[in-house]
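# Results of the structural survey
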Amino acid sequence: MALIVHKYGGTSMGSVERIKNVARRVAKWHAAGHKVVVVPSAMSGETNRLLGLAREISAMPDGRELDMIAATGEQASSGLLALALQAEGVAARSYAGWQVPVRTDSAYTKARIQEIDATRVQADLDAGRVVVITGFQGVDDNGYITTLGRGGSDTSAVAIAAALGADECLIYTDVDGVYTTDPRIVPEARRLNVVSFEEMLEMASLGSKVLQIRSVEFAGKYRVPVRVLSSLTDPLIPLDEEMRSGTLITFEEDEKMESAVVSGIAFSRDEAKITLVGVPDTPGVASAILGPVAAAGIDVDMIIQNQSVEGTTLFSFTVNRNELLRARQVLDTQVVPAIKAREVLTDEKVCKVSIVGIGMRSHVGVAALMFETLAKEGINIRMISTSEIKTSVVIEDKYMELAVRSLHKAFGLDGEPKVA
Ligand code: ADP
Ligand code: ASP
Ligand code: MG
């Protein structure tokens, strides 16, 4: 008998029929003698609908209230799933994040889980119940509802699996595993049987929304075995077959690892580029710009500052597109007057495309092939950043799909991977 956490995303919970299928699948695991905790997302489209309503009222809505609104999506789907389980003859009980409780900090709309009290859940499991816990949400020290950022149900599931010491966390979604890139953009993308933890961490952080980055961080920190698999198969397929399907995140770089130089291509449309013009090239200026931005809780990604010509320089960085307005406000009101920069330029029509692979550590010329491929397609690179196992570029967003497809091909991911 094992303790397993299942997570079902929005599409998997997208209709009453799909919820009934989830209940059938969970009932199968329960009938086989396993203890099961299920973490559902809101029904597909629901979180967007709720946040859209809020934005109709306010262009810069208060985060606390946004979380109050957005968290209702998961609450509804959790109650519906508990009912569907009961209809399958399974004793089931649902909990909101605050009832567990899932404790978080107070960074509304992107809160971080700090602690999960598993006592109540454990007691239900011991009593033979399936426990349903809302994904995406928690509670802060004030007792206020928080949410974990878009895609946050993945993180809820892995964190709950860690808190319970679960044997495995199964992330059921609308594709049958982790692919070399988003199969919706590149139909030739291949499913990976295993992906290394490090590569998954990079791919998630660079925009592959198949897993939220923090869920991968939790998996690494607490060594939770995570498998990504399809919720759209026959819910009654044999358990052993199900356990062999999908993609396993592995912590070992063993012979099972696929030995491609580049394992995947990630991309993100959620980018916006900010450039400060006429920045005095003096010590402390980067901190004078980015300090207030960080103090406002805005994450900065790529940063570029060049050598000055005649004492002033350009300073560019990227932020998440939905934080652009706030970042701009901080710059206009606090930074520009303080450092006496000339002006602030913003560009929302950009995206980030990245190549990821642990094979990049031991190979030269990988980034060069990336740049050459983009050049052949006439795609201009606006920013570049590299680390040991990834190279990212910022380009105009209308070229995103072309860039992803041509890189996927150039690195041999369409066919057999390039052997290291
Ligand atoms: P869920 O609602 O189940 O959480 P998401 O939409 O958040 O599902 O994530 C699954 C989607 O992630 C897929 O439908 C696919 O379009 C996208 N995706 C992006 N990159 C990848 C990748 N490398 N492998 C698989 N899916 C990917
Ligand atoms: N419902 C939330 C979202 O759409 C969380 C999730 O699906 O993981 O972002
Ligand atoms: Mg998701």
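Residues numbered from 1 in each chain as written. Chains lettered and ligands numbered in written order. Predicted model: local features only at pLDDT ≥ 70, side-chain atom pairs only at ≥ 80, totals over all residues. Heavy atoms only, no water.

## Observations concerning the overall build of the protein
Scanning the protein from terminus to terminus reveals twelve helices and 20 strands. In summary, the protein has a C-alpha radius of gyration of 23 Å against a globular reference of 22 Å for 420 residues, a match within 12%. For the protein, the spread of C-alpha atoms along the principal axes amounts to about 75 × 50 × 35 Å. A total of 420 residues make up the protein; the buried ones form 51% of that total. Considering only contacts within the protein whose residues lie at least 6 apart along the sequence, 76% involve residues at least 24 apart. Here the protein has roughly 18500 Å² of accessible surface; of this, 50% comes from carbon and sulfur atoms. Between the centroid of the 44 positive side chains of the protein and the centroid of its 54 negative side chains there is a distance of 2 Å. (Helix = DSSP H or I, 4+ residues; strand = E, 2+ residues; numbered from the N terminus. Rg over C-alpha atoms; globule rule 2.2 N^0.38 Å. Buried < 20%, exposed > 50% of the residue type's maximum accessible area, 1.4 Å probe, protein only. Contact = heavy atoms within 4.5 Å. Areas by Shrake-Rupley, 256 points an atom, 1.4 Å probe, with all protein chains shown as cover. Lys, Arg positive; Asp, Glu negative; His and termini not counted. Charge placed at Lys NZ, Arg CZ, Asp CG, Glu CD.)

## Quick word on the site of ligand 1
Around ligand 1 lies a shell of 17 residues, among which Thr173, Asp174, Tyr179, Asp182 and Arg184 are the nearest. Side-chain polar atom of aspartate 174 to an oxygen atom of ligand 1: 2.8 Å apart, as the coordinates give it. A distance of 2.7 Å is found between an oxygen atom of ligand 1 and a side-chain nitrogen or oxygen belonging to arginine 184. Here ligand 1 loses 91% of its free accessible area of 570 Å² to cover by the protein chains. Of the residues contributing to the shell around ligand 1, the split by class is six nonpolar, six polar and five charged. (Near = heavy atom within 4 Å. Polar contact = N/O pair within 3.5 Å; in protein donor to acceptor, adjacent residues only side chain to side chain. Nonpolar A, V, L, I, M, F, W, Y, C, P; charged D, E, K, R; others polar.)

## Thoughts on the layout of surface pockets
Estimates place the volume of the second largest pocket at around 270 Å³. Mapped by element, the contributors of at least two residues to the lining of the second largest pocket are strand S5 (113-116), helix H5 (153-164) and helix H7 (213-222). Per-element tally for the lining of the second largest pocket: the top contributor is H7, with five residues. Counted by class, the lining of the second largest pocket contains nine nonpolar, two polar and five charged residues. (1 Å grid on protein atoms, 1.4 Å probe; cavity = no way out; pocket = protein on both sides within 12 Å on 5 of 7 lines; lining within 4 Å. Points joined across faces, edges and corners; volume = space filled by probe spheres on them.)

## Some remarks on the site of ligand 2
Taken together, the residues surrounding ligand 2 are Ser41, Thr47, Glu74, Phe136, Arg150, Gly151, Gly152 and Ser153. For ligand 2, an oxygen atom lies 3.1 Å from a polar atom in the side chain of serine 41. Between ligand 2 and the protein, one listed contact pairs a nitrogen atom with a side-chain N or O atom of glutamate 74 at 2.7 Å. Here ligand 2 loses 86% of its free accessible area of 260 Å² to cover by the protein chains. Residues belonging to the shell around ligand 2 are distributed by class as follows: one nonpolar, five polar and two charged.

## With respect to the sheet that holds strand S2 (residues 35-40)
Here we have eight strands laid out as an open sheet, ordered S3-S6-S2-S1-S9-S11-S12-S10, and mixed in their pairing. Both edges of this open sheet fall to strand S3 (92-95) and strand S10 (194-196), since each of them pairs with a single strand only. Going across the sheet, the axis of each strand differs from the next one's by a mean of 20 degrees, ignoring polarity. Strand direction decides the pairing type here: strand S11 (residues 226-230) and strand S12 (residues 247-250), joined by two bridges, are antiparallel. Residue arginine 227 lies in a different strand from S12, and its bridge partner there is leucine 248. On the sheet, helix H1 (residues 16-31) packs against strand S1 (3-8), S2, strand S6 (130-133), strand S9 (168-173) and S11 and is oriented at approximately 175 degrees with respect to S1. H5 rests against S1, S2, S6, S9 and S11 of the sheet, and its axis sits at about 175 degrees to S1. (Pairing = 2+ DSSP bridges. Axes fitted to C-alpha atoms, helices over the stretch in contact; angles between N-to-C directions.)

## Description of the side chain of glutamine 212
Take glutamine 212: it is sitting in the loop between helix H6 (197-205) and H7. Within the local environment of glutamine 212, its side chain forms a polar contact with the backbone oxygen of glycine 149, the two atoms lying 3.5 Å apart. Side chain to side chain, glutamine 212 and threonine 155 meet in a polar contact 2.3 Å long. In contact with glutamine 212, not counting residues within four places along its chain, are Leu148, Gly149, Arg150, Gly151, Gly152, Asp154, Thr155 and Ala204.

## Focus on the UniProt feature "binding site: ATP" (unreviewed entry) in the protein
According to UniProt, the feature "binding site: ATP" (unreviewed entry) maps to Lys7, Tyr8, Gly9, Gly10, Thr173, Asp174, Tyr179, Arg184, Lys209 and Val210 in the numbering used here. Looking at the secondary structure, you find tyrosine 8 in strand S1. Residue tyrosine 8 is classed as buried on the basis of its relative accessible area of 0%. Those residues in contact with tyrosine 8, other than ones at most four positions away along the chain, are Met13, Val22, Arg25, Val26, Val38, Val39, Pro40, Ser41, Tyr172 and Ser231. You can call tyrosine 179 buried: its relative accessible area is 17%. Beyond its immediate sequence surroundings of up to four residues, tyrosine 179 is in contact with Ala189, Arg190, Arg191, Leu192 and Met203. At 2.6 Å, the side chain of tyrosine 179 and the side chain of aspartate 176 are in polar contact. (UniProt positions renumbered as here; feature names shortened; annotations may be inferred.)

## Considering the packing of aromatic side chains
Overall, the coordinates contain four aromatic pairs when judged by the stated rule. Where tyrosine 8 meets tyrosine 172, the ring centres are 4.7 Å apart and the plane angle is 5 degrees; that geometry is what we call stacked. With tyrosine 8 in strand S1 and tyrosine 172 in strand S9, the pair connects residues that are 164 residues apart, well separated along the chain. Ring geometry for phenylalanine 315 against phenylalanine 317: centres 6.2 Å apart, planes inclined by 65 degrees, an arrangement best described as edge-to-face. Across the pair, exposure class does not vary: phenylalanine 315 and phenylalanine 317 are buried alike. (Phe/Tyr/Trp six-rings, centres within 6.5 Å; stacked < 30°, edge-to-face > 60°.)

## Examining the sheet that holds strand S17 (residues 343-347)
Spatially, four strands are ordered S15-S16-S14-S17 in an open sheet, and the strand pairing comes out antiparallel. The open sheet terminates on both sides in strands that have one partner only, identified here as strand S15 (300-305) and S17. Recorded for the sheet is a direction-independent mean angle of 20 degrees between the axes of neighbouring strands. As paired strands, strand S14 (residues 271-280) and strand S16 (residues 312-320) are joined by eight bridges and run antiparallel to one another. Across the sheet, alanine 272 pairs through a bridge with valine 319, a residue of S16. Along the sheet, helix H9 (residues 285-295) contacts S14, S15 and S16; its crossing angle with S16, the most-contacted strand, is approximately 25 degrees. Docked against the sheet, helix H10 (residues 324-339) engages S14, S16 and S17, running at close to 5 degrees with respect to S14.

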